[in-house]
Amino acid sequence: MVALDVDGTLVDSSNEMSPAVREVVRAVRDSGIQVAISTGRAIPGVVNTTEKLGFTEGYAVASNGAVVFSYDPVEVLHAVTFDASDAVRRVMEYVPDAIVAVEELGVGFRVNRPFPDAEISGEYTVEPIEALMADPVTRVVIRSTDHTAEEFTKIVEDLGLIGTNYFIGYSAWLDLAPEGVSKASGLELLTDRLGIAQADVLAVGDGNNDIEMLQWAGRGVAMGHAPLTLTEVADHVTGSIDDDGLVDELRRYL
């Protein structure tokens, strides 16, 4: 299996996929290797990517491992929910103007106010923060438009959040997931289902939410623009997204 992150690995910051990336990923699949999307994106964002690849069937790990599904049509094979209310309240004590989104499985998000353009995929509805936290969810995103990524990271790390797994993005963006859930746990469930050995998984990613995945996979590869926290745990570092680094790695298998 080849497990591929989306943003910064398959597509650039404008959600564009180069022809070379599309060609090599399709060639890997045509050779008989299972290709699984493994991303922090929700289901609609994954579907957007599979459409770019021209894939009409397959498997994916979404929402940083909380959701595993097959397509097309979308069938959720596994979903983990958790109560994020305490973690959200603690973050918002320090960042009261933060934007909060909870995943609405297969549809998009429910938010307390709109996100900046193109930052989340799928449909969204605006609701009071109390309504967002009323029930267990698969994923929560907290976004600050008033802090730098470094400032937001310091705030979150000082809180010492307990009972959740969290990932901090390149911007002031925080992903909350159920404790013990990551892309690695989602892929483990998927490989067990398909009878694929962990040692036979190549995983490629570029962000902090890819650390567990690269450590778990038989071969974990970081993109060239990835942060040091990821490159330090990778078996190999390929080129950046601007250099179609994924192409260089996947051509090794063809």
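Everything quoted here is computed from the prediction, not taken from an experiment. (Residues numbered from 1 in each chain as written. Predicted model: local features only at pLDDT ≥ 70, side-chain atom pairs only at ≥ 80, totals over all residues. Heavy atoms only, no water.)

Peer 1: Is there a simple way to explain the domain arrangement of the chain in this structure?
Peer 2: Put simply, an interface is often sized by how much accessible area is lost when its parts join up. As far as domains go, the chain holds domain 1 (2-79 + 181-253) and domain 2 (84-176). Once you take the C-alpha centre of each, domain 1 and domain 2 turn out to be 23 Å apart. Contact with domain 1, which involves 22 residues of that partner, is made by 15 residues of domain 2. Here domain 1 meets domain 2 over a buried area of about 1200 Å², counting both sides, of which 58% is carbon and sulfur. In terms of surface lost to domain 2, no three residues of domain 1 exceed Ala 42, Pro 44 and Asn 64, which account for 30% of the buried area on that side. Counting every contact that joins domain 1 to domain 2 gives zero salt bridges. When residues of the side of domain 1 that touches domain 2 are traced back to their parent elements, those giving at least two are helix 2 (43-53) and strand 5 (75-79). With three residues, helix 2 is the single largest residue contributor to the side of domain 1 that touches domain 2. Of the residues in the side of domain 1 that touches domain 2, the class split is ten nonpolar, nine polar and three charged. (Domains from an automatic or database assignment. Contact = heavy atoms within 4.5 Å. Buried area = accessible area lost by both parts, 1.4 Å probe. Salt bridge = Lys/Arg side-chain N within 4 Å of Asp/Glu carboxyl O. Helix = DSSP H or I, 4+ residues; strand = E, 2+ residues; numbered from the N terminus. Nonpolar A, V, L, I, M, F, W, Y, C, P; charged D, E, K, R; others polar.)

Peer 1: How should I be thinking about the packing of aromatic side chains in this particular structure?
Peer 2: For any pair of aromatic rings, geometry is given as the distance between the ring centres together with the angle between the planes. Enumeration over the complete set of coordinates arrives at one aromatic pair. Here Phe 69 and Tyr 71 contribute two aromatic rings whose centre-to-centre distance is 6.3 Å and whose plane-to-plane angle is 55°, an arrangement assigned as tilted. For Phe 69, a relative accessible area of 0% corresponds to the buried category. Residue Tyr 71 is classed as buried on the basis of its relative accessible area, which comes to 7%. (Phe/Tyr/Trp six-rings, centres within 6.5 Å; stacked < 30°, edge-to-face > 60°. Buried < 20%, exposed > 50% of the residue type's maximum accessible area, 1.4 Å probe, protein only.)

Peer 1: Sorry, what's going on with the side chain of Asn 209 here?
Peer 2: Counting through the fold element by element, Asn 209 comes out in the loop between strand 12 (202-205) and helix 7 (211-216). By relative accessible area, Asn 209 is classed as buried at 17%. Reaching out from Asn 209, the side chain makes a polar contact with the side chain of Asn 64 at a distance of 2.8 Å. (Polar contact = N/O pair within 3.5 Å; in protein donor to acceptor, adjacent residues only side chain to side chain.)

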